[in-house]
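Chain by chain, the residues:
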Protein chains: 2
Amino acid sequence: MLHALLHMAERERPMTSDELAVCLSTNPVVVRRTMAGLREAGLVASGRGHGGGWTLARPLEDLTMRDIYAALGEPMLFQMGNVSESPGCLVEQAVNHALDDAFRDAEAMLIARLGEVTLAALADDFKRRFAEHRARLKPHG
Amino acid sequence: MLHALLHMAERERPMTSDELAVCLSTNPVVVRRTMAGLREAGLVASGRGHGGGWTLARPLEDLTMRDIYAALGEPMLFQMGNVSESPGCLVEQAVNHALDDAFRDAEAMLIARLGEVTLAALADDFKRRFAEHRARLKPHG
DNA sequence: TCTTCATGTAATAATAATAGTTACGAATCT
DNA sequence: AGATTCGTAACTATTATTATTACATGAAGA
């Protein structure tokens, strides 16, 4: 998704799902499905018909990785998802009790960090790396 | 696995893979596969033939959840596994650069917490919950 | 209005990862 | 020898994710 948004930021006109699918080497329908979540969160807008496609709804400076995380439904950050669920099993309840705070703290910390990274900063860093990359390939150009 | 170890701690004799499989409602071969990792880490021992089975190699007081985490091969704690991989993709490299420290810190924090929880403490907590559970079911017994 | 282009979405298929099963060899005890 | 139990390879089943197909809906332009 980050790929998609950075690509979109560098274009004037909307990008179609087909174009994005090529960039991400995936399928247009998959693009639409995922972008739908971002649209509902107000991060992007979609237009139908001739000249339609996807556009950023906000400038990159106003978008953080946390926004995207939230827009994608705040998916579990940890593999041990069921640790915090607490079903009937008493052993799991004991484990939960021992680790709940740790997971909560770790999650809060990560989400705070996501909020500190704007897509504009990512785009800048990407451009710098891209320039380096080209310089390495063609040092005498 | 924690279920298995707590069960084993409450028995004098070794537990067979078949017995453990019933406790965990899974398959004996799956039990053997997973316990093999714990054995290689020195947490449990296995014996073959008549009277064989699985035994704890250390007392519960000396076992922490961190030991088990290490014995299982230190599996990724986070869903975003590839964030720290850094393949050719420059966008991912930029993301990695922005978040690597955050993930490292969060992981270190979680692992430290795992190291604070002994299986003995888990067992105690489990027993307390179990007693409560029985009292709730049969308050006048 | 009619055609073309693009998203919206449901239904289905393909793929990959995980878990379970079968089968048999090797080791151990009675 | 015979019963028991782990060790392990090969295979199957299940589940979750991703990809594809198909068609409906809406928007721009001739």
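Residues numbered from 1 in each chain as written. Chains lettered and ligands numbered in written order. Predicted model: local features only at pLDDT ≥ 70, side-chain atom pairs only at ≥ 80, totals over all residues. Heavy atoms only, no water.

Caption draft 1: Just the protein's contact with DNA strand D, in detail. Around DNA strand D there are 23 residues in total, and T26, N27 and G49 of chain A together with S17 and R39 of chain B lie nearest to it. Sugar plus phosphate: this is where 63% of the atoms of DNA strand D within 4 Å of the protein reside. With respect to DNA strand D, the side chain of S46 of chain B contributes an N or O atom lying 3.1 Å from a phosphate oxygen. Residue H50 of chain B places a main-chain N or O atom 3.5 Å away from a base oxygen belonging to DNA strand D. At the level of secondary structure, the elements contributing two or more residues to the surface near DNA strand D comprise α3 (28-40) of chain A together with α3 (28-40), β1 (44-47) and β2 (53-56) of chain B. The biggest single contributor to the surface near DNA strand D is α3 of chain B, with four residues. Split into classes, the residues belonging to the surface near DNA strand D amount to five nonpolar, twelve polar and six charged. (Near = heavy atom within 4 Å. Polar contact = N/O pair within 3.5 Å; in protein donor to acceptor, adjacent residues only side chain to side chain. Helix = DSSP H or I, 4+ residues; strand = E, 2+ residues; numbered from the N terminus. Nonpolar A, V, L, I, M, F, W, Y, C, P; charged D, E, K, R; others polar.)

Caption draft 2: Representation of the side chain of D125 of chain A in the model. Along the chain, the position of D125 of chain A falls in helix α6 (residues 119-137). Classification of D125 of chain A by relative accessible area gives buried; the value is 12%. Side-chain polar atoms of D125 of chain A contact the side chain of R128 of chain A, separated by 2.7 Å. Residue contacts for D125 of chain A: discarding those within four places in its chain leaves A94 and H97 of chain B. (Buried < 20%, exposed > 50% of the residue type's maximum accessible area, 1.4 Å probe, protein only. Contact = heavy atoms within 4.5 Å.)

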